[in-house]
Amino acid sequence: MGTTVFERRRPAASAIAHSLADTRRSVFWLDDLADEAKRPRPRLEGTRVADLAVVGGGYTGLWTAVLAKRANPDLHVVLVEARRIGWAASGRNGGFCEASLTHGRENGLSRWPDEIDELDRLGLANLDAIEASEAELGIDVEFERNGALDVAVEPHQVEWLHEAAADAASRGDDTVKLLDEHQVRAEVDSPTYLGAIWNTRTSAILHPAKLAAELARVAEEAGVEIFEDSPVKRLDSPGSTGAVRLVTDHGRIDATRAVLATNVFPSLLKRNRLMTVPVYDYVLMTEPLTDEQQASIGWANRQGVGDMANQFHYSRPTRDGRILYGGYDAIYHFGGRVRDGYEDRPESFEKLASHFLTTYPQLEGLRFTHKWAGAIDTSTQFTAFTGLARDGRVAYASGFTGLGVASTRFMAETMLDLLAGRDTERTRLKMVRTRPLPFPPEPAASLGINATRWSLDRADHHGGRRNVLLKTLDAVGLGFDS
């Protein structure tokens with residue numbers, strides 16, 4: 001079996017231990033919020049009557065509430081969150097805001113080839129709208145549209161760069177730049193980078209927790225009622241009333257329409273219980289770099305960076321001079337449960353620290369201040385799905401698969417279109433009108449997911465060659481391409 005660059009250039013154990021010596025298990029983004037943004041909100045008590053009820057206080061639910069009120073200021077909207085606004089994936093992701101609605105063009109092309117150009121156009125317009133929202137909504141989410149570098153870290157991946165660049169050129173896309181080893185290292189100096197594609201227009205970075213906090217502030221200022229610590233235990237839809245009833249431990253909401261934006265957590269709809277699985281992703285955040293350290297790495301253009309391996313890493317700078325570094329391990333636990341205990345996985349953090357020092361050896365001696373993890377709502381089509389239930393009274397969206405910062409807004413618009421019965425570009429998409437295949441129940445789910453992860457690792461060790469299992473999954477449209 002071959003080796004990867006992270007095995008060939010493994011740093012000393014003492015260097016890894018030093019980097020993690022003072023790291024605390026806490027989410028940097030959430031810690032970094034101003035006190036006002038951290039203020040608790042009341043739990044739902046008693047009965048509320050609403051035109052629209054939203055379940056979930058992450059990006060999907062918050063965008064839905066904000067966009068609904070902007071379209072109709074008189075609409076009475078109530079949002080309930082099981083814990084705190086933005087505490088889950090929306091507050092702990094890497095802050096990569098991508099135009100793609102399909103988890104990359106290749107995935108979209110394999111699933112919806114007749115729509116891919118339209119999907120790319122709509123995705124870019126969606127990213128444009130998020131950029132414009134800073135001024136339109138009066139929010140500061142540290143949005144920087146600097147593009148993203150897809151970097152090759154193994155020789156066989158360099159060919160993939162040339163293929164991607166040629167594809168972009170054939171479509172007349174001049175926003176994609178091919179960089180050789182010298183050029184990519186002039187952007188971000190890593191001895192592991194052999195070349196890159198710089199997607200100059202389709203990617204941005206932002207502060208994830210600030211996006212959630214600011215959307216919540218805008219929603220409340222528009223009149224949305226937000227309740228925290230209010231997990232919804234039951235969804236009822238009495239046929240005679242034409243309403244939807246959401247029941248919590250201490251109250252309920254009777255609404256004309258409802259949106260379910262619970263993502264990785266168990267769906268209130270039985271039909272969606274096997275549509276996603278939680279996969280845990282792990283992240284480190286460094287202390288702020290010194291001027292000397294910053295000069296040694298460059299990164300003047302502040303792009304997001306992701307390597308092209310199946311088990312990939314991602315990194316990005318922050319506004320205060322830190323580096324976020326995450327990815328590689330994607331851990332599924334038997335039973336598909338979401339538990340706080342799964343976030344504490346020392347071997348994953350040690351592996352990330354080792355890979356960081358391999359990627360940026362000139363930063364040896366730097367310490368990590370924060371380490372955390374979060375569950376990604378993974379679907380078999382590797383991107384979000386949406387639909388209606390309960391005679392069109394309930395809309396849902398889920399399955400963002402780790403690339404949902406931007407597409408949550410698109411899905412919020414789509415759900416509002418669906419609930420209103422509007423015929424739009426969004427609702428006509430095949431991606432919107434069809435559902436992905438469900439995951440199998442246990443124990444088949446655990447066996448299949450872990451076998452796939454082993455196969456992806458094996459492919460990374462053998463020049464990217466996909467084995468029979470991966471080729472079979474590709475053929476039946478089950479994704480697992482990264």
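Everything discussed here concerns the structure shown above.
Residues numbered from 1 in each chain as written. Predicted model: local features only at pLDDT ≥ 70, side-chain atom pairs only at ≥ 80, totals over all residues. Heavy atoms only, no water.

Engineer: Quick question: what am I supposed to make of the overall build of the chain here?
Structural biologist: Scanning the chain for helices and strands turns up 17 helices and 19 strands. Dimensions of the chain along its principal axes, counting C-alpha atoms only, are 65 × 50 × 45 Å. For the chain, restricting intrachain contacts to residue pairs at least 6 apart in sequence, the fraction spanning at least 24 positions comes to 76%. Surface accessibility of the chain: about 19,800 Å² in total, with carbon and sulfur atoms responsible for 51%. Charge-centre separation for the chain: the mean point of 57 positive side chains lies 6 Å from the mean point of 68 negative side chains. (Helix = DSSP H or I, 4+ residues; strand = E, 2+ residues; numbered from the N terminus. Contact = heavy atoms within 4.5 Å. Areas by Shrake-Rupley, 256 points an atom, 1.4 Å probe, with all protein chains shown as cover. Lys, Arg positive; Asp, Glu negative; His and termini not counted. Charge placed at Lys NZ, Arg CZ, Asp CG, Glu CD.)

Engineer: What's the story with the packing of aromatic side chains in this structure? I'm lost.
Structural biologist: The geometry of an aromatic ring pair comes down to the distance between the two centres and the angle between the two planes. Applying the stated criterion to the full structure yields 12 aromatic pairs. Summarising the aromatic geometry, the rings of F356 and F368 are spaced 5.1 Å apart at their centres and angled 75 degrees between planes, so their arrangement reads as edge-to-face. Of this pair, F356 sits in helix α12 (residues 346–359) while F368 sits in strand β17 (residues 368–378); the two residues are 12 residues apart in sequence, bridging distant segments of the chain. Note on accessibility: F356 and F368 belong to one class, buried. Considering the side-chain rings of F385 and Y396, the 6.2 Å spacing of their centres and the 65 degrees angle between planes classify their relative orientation as edge-to-face. Residue F385 is found in strand β18 (residues 385–389), and its partner Y396 is found in strand β19 (residues 394–398); the two are separated by 11 residues along the sequence. Both residues of the pair, F385 and Y396, count as buried. Over the aromatic face of W198 sits the side chain of K177, whose NZ or CZ is 5.2 Å from the ring centroid. (Phe/Tyr/Trp six-rings, centres within 6.5 Å; stacked < 30°, edge-to-face > 60°. Buried < 20%, exposed > 50% of the residue type's maximum accessible area, 1.4 Å probe, protein only. Lys NZ or Arg CZ within 6 Å of the ring centre and 35° of its normal.)

Engineer: Can you walk me through the nonpolar core in this structure?
Structural biologist: It is characteristic of soluble globular proteins that their nonpolar side chains tend to be buried jointly. Judged by nonpolar contacts, the single largest core of 51 residues is most densely connected at L52, W63, L79, C97, F143 and L211. Sequence-distant contacts of W63, defined by excluding residues within four places in its chain, comprise I130, S133, L137, L211, L215, T408, R409 and A412. Counting 37 residues, the second largest nonpolar core, distinct from the first, contains F6, A196, F349 and A373. (Core = buried A, V, L, I, M, F, W, Y, C linked by side-chain atoms within 4.5 Å.)

Engineer: What is the right way to read helix α10 (residues 208–221) from this model?
Structural biologist: Within an α-helix, residues lying three or four positions from one another point in the same direction, as the helix has 3.6 residues per turn. Between its terminal C-alpha atoms α10 stretches 20 Å, which fits the 20 Å expected from 14 residues at 1.5 Å a residue. Within α10, the full set of buried residues consists of P208, A209, L211, A212, A213, E214, L215, A216, V218 and A219. On its buried face, α10 is in contact with α3 (28–31), α4 (59–71), α5 (89–92), α7 (116–137) and β9 (225–227). Within two residues after α10, G223 carries a phi angle of roughly 110 degrees, on the positive side. (Expected span 1.5 Å × (residues − 1).)

Engineer: Hey, could you run me through helix α13 (residues 407–420) in this one?
Structural biologist: The end-to-end C-alpha separation of α13 is 20 Å, in line with the 20 Å expected for 14 residues at 1.5 Å each. Burial runs high along α13: 12 of the 14 residues are buried. Within α13 the residues assigned to the buried category are S407, T408, R409, F410, M411, A412, T414, M415, L416, D417, L418 and L419. Among the residues trailing α13, G421 stands out with phi positive, at a value near 70 degrees.

Engineer: How should the environment of T369 be read in this particular structure?
Structural biologist: Its location among the elements puts T369 in strand β17. Along the chain, T369 and R435 lie 66 residues apart, while their C-alpha atoms are 41 Å from each other. Excluding residues that lie within four positions of it along the chain, T369 makes contacts with D22, T23, R24, M285, T286, E287 and R322. Polar side-chain contacts of T369 include one of 2.7 Å to the side chain of H370. (Polar contact = N/O pair within 3.5 Å; in protein donor to acceptor, adjacent residues only side chain to side chain.)

Engineer: Explain the packing of α4 against α13 to me, please; I cannot follow it from the model alone.
Structural biologist: Between two packed helices, what matters for the description is the angle formed by their axes and the separation of those axes. Across the interface, α4 lies against α13 with an axial gap of 8 Å and an inter-helix angle of 55 degrees. By the angle between their directions, the pair α4 and α13 is classed as oblique. Note that α4 runs across α13; the crossing there is right-handed. Contacts from Y59, T60, W63, T64, L67 and A68 of α4 reach α13 at T408, R409, A412, E413, M415 and L416. Classifying every residue of the contact of α4 with α13 gives seven nonpolar, three polar and two charged. (Axes fitted to C-alpha atoms, helices over the stretch in contact; angles between N-to-C directions. Parallel < 35°, antiparallel > 145°, perpendicular 65-115°, else oblique. Left-handed = near helix turned anticlockwise from the far one by under 90°. Nonpolar A, V, L, I, M, F, W, Y, C, P; charged D, E, K, R; others polar.)

Engineer: Sorry if this is basic, but what is going on with the pattern of salt bridges here?
Structural biologist: Opposite charge on two side chains lets them pair, provided their charged atoms get close. Inspection of the entire model under this criterion finds 40 salt bridges. The partner of E144 in a salt bridge is R302, with the nearest N and O atoms 2.8 Å apart. Taken together, the residues span a long stretch of sequence, with E144 in the loop between α7 and β5 (148–152) and R302 in the loop between α11 (291–297) and β14 (304–307) at a distance of 158 residues. On the accessibility criterion, R302 (22% relative accessible area) is partly exposed. The residue R245 makes a salt bridge to D254 at a minimum N-O spacing of 2.8 Å. (Salt bridge = Lys/Arg side-chain N within 4 Å of Asp/Glu carboxyl O.)

Engineer: Even after reading the chapter, I still don't get the pairing of strand β15 (residues 313–317), so can you show me in this structure?
Structural biologist: Working note: regular strand, side chains alternate between the two faces of the sheet. Most of β15 is tucked away: five of the five residues are buried. Burial of the side chains of β15 extends over both faces: H313, S315 and P317 are buried on one face and Y314 and R316 on the other. Across two bridges, β14 lies against β15 in antiparallel orientation. Bridge pairing in β15 links V305 to S315. Hairpin connection, β14 to β15: the antiparallel pair is bridged by five residues. With five bridges connecting them, β15 and strand β16 (residues 323–331) associate as antiparallel partners. Along β16, the bridge assignment pairs R316 with L324. (Pairing = 2+ DSSP bridges.)

Engineer: When you look at the pairing of β5 in this model, what are you seeing that I'm missing?
Structural biologist: Burial analysis of β5 places four of its five residues in the buried class, which makes it a mostly covered element. Bridging between β5 and strand β7 (residues 195–199) involves five bridges; their strand directions are antiparallel. Opposite A152, over in β7, you have G195 as the bridge partner. One ladder, built from four bridges, connects β5 with β14; its direction is parallel. What sits directly across from D150, in β14, is G306.

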